[in-house]
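Here is what each chain is made of, one letter per residue.
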Amino acid sequence: MDKLKQKKLFLFDMDGTLYLGNRLYDFTNELLDTIKSSGGRYMFMTNNSSRSVSDYIKKLACLGVKAVREDFITSSQATAYYLNKHYKGKTLYVCGTESLKEELRANGYEITESLDKVEVVVMGFDTELTFKKLEDVSKLLLSRCDIPYIATNPDYVCPTEFGSVPDCGSVCDMLYNVSGRRPLVIGKPEPLMPILAMEHTGYTREETVVIGDRIYTDIKSGLNAGVSTILVMSGETTYEILEKSDDKPDYVMESGKELLDILK
Ligand SMILES: [Mg+2]
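Residues numbered from 1 in each chain as written. Predicted model: local features only at pLDDT ≥ 70, side-chain atom pairs only at ≥ 80, totals over all residues.

Asker: What is the right way to read the overall build of the protein chain from this model?
Answerer: Scanning the protein chain from terminus to terminus reveals 11 helices and 15 strands. Rg of the C-alpha trace for the protein chain: 19 Å, near the compact-globule value of 18 Å for 264 residues, within the 12% margin. Based on the C-alpha atoms only, the size of the protein chain along its principal axes is roughly 60 × 35 × 35 Å. Pairs at least 24 apart in sequence give 69% of the contacts found in the protein chain among residues at least 6 apart. (Helix = DSSP H or I, 4+ residues; strand = E, 2+ residues; numbered from the N terminus. Rg over C-alpha atoms; globule rule 2.2 N^0.38 Å. Contact = placed C-beta atoms within 7 Å.)

Listed below in structure tokens is the structure:
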């Protein structure tokens, strides 16, 4: 546990880790303040590409957590980063929300609905999904079998107050049934978001830790990025799930309160 005191960059999942739905955990602000006052840095890491960073700043403000743009690493930002590296300046078809489109436009990408101009297809968690978009992507994938095809995140469902709604991974499965193609996935469990956070901040793998409540996304992204991981049992993982999983976190804690007690 002493090793955790030497960590400098703390990459937090949000729901189930720092709050649950609309209820902030009572240790969250003190934990974030403690990291800052001891010279460390934290970032919020989210797979949800339907919301922009500004949306998240507002959501956290409502819960009582102050945050700025630089505190976030989202799958939309990571997707823009990946595109900049591999498909710079290409014209995109985006099956995603206006928020995702804005993020990509802000990175200099042209987004079109003229299918003959499209060079890369990007799928997001599209809470504004229409049948027309599904038809467009079907056409693109079927008529051009080598067109680059990217998804912001692999989640099958997104939690809501009443249960869950289909997320990006479920829609990609519908398109798999049509085209036989699977997208290249950017968000957790892939390592790109932790890697991007380290590149941005200049911290090393040894100085970085991922904290989250899901093994198959949060913990896996940390393991894939080669950094330390803390599984918190304050969200959706049960001890039964943990026992059955092949992916083992470095630390298991009841909640972020335990991390706070170590860092204090
Ligand atoms: Mg979570």
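That was the structure; now back to the text.
Asker: Just checking my understanding: could you explain the pairing of strand 14 (residues 228-232) for this structure?
Answerer: As a general feature of sheets, a regular strand has side chains that alternate between the two faces. Counting buried residues in strand 14 gives four out of five residues, a clear majority hidden from the surface. Once the chain exits strand 13 (residues 208-212) it traverses helix 9 (residues 215-225) before rejoining the sheet at strand 14, and the crossover so formed is right-handed. In this region the chain leaves strand 14, passes through helix 10 (residues 239-244) and returns to the parallel neighbour strand 15 (residues 251-253); the handedness of that crossover is right-handed. (Buried ≥ 20, exposed ≤ 12 C-beta atoms within 10 Å, placed from the backbone. Right-handed = clockwise from strand over helix to strand, strands pointing away.)

Asker: Would you take a moment to explain the packing of helix 6 (residues 131-143) against helix 7 (residues 168-179) for this structure?
Answerer: Angle between the axes and distance between the axes are the two parameters that describe a pair of packed helices. The contact between helix 6 and helix 7 brings their axes to 10 Å, and the two run at 45°. One way to sum up the angle between helix 6 and helix 7 is to call them oblique. Judged by the twist between their axes, the crossing of helix 6 over helix 7 is right-handed. For the pair formed by helix 6 and helix 7, the contact residues are L134, V137, S138, L141 and L142 on the first element and M174, L175, V178 and S179 on the second. (Axes fitted to C-alpha atoms, helices over the stretch in contact; angles between N-to-C directions. Parallel < 35°, antiparallel > 145°, perpendicular 65-115°, else oblique. Left-handed = near helix turned anticlockwise from the far one by under 90°.)

Asker: What is the right way to look at the nonpolar core in this model?
Answerer: Within soluble globular proteins, side chains that are nonpolar generally end up buried alongside one another. Ranked by internal contacts, the top residues of the largest apolar core, which has 60 residues, are L11, F12, A197 and I211. A per-element tally of this core places helix 8 (residues 192-201) first, with six residues. Counting contributing residues, this core receives three or more from each of domain 1 (2-47 + 188-263) and domain 2 (88-185). When near neighbours in sequence (up to four residues on either side) are disregarded, I211 contacts F10, L11, F12, D13, T17, I230, V232, G256 and L259. (Core = buried A, V, L, I, M, F, W, Y, C linked by C-beta atoms within 7 Å. Domains from an automatic or database assignment.)

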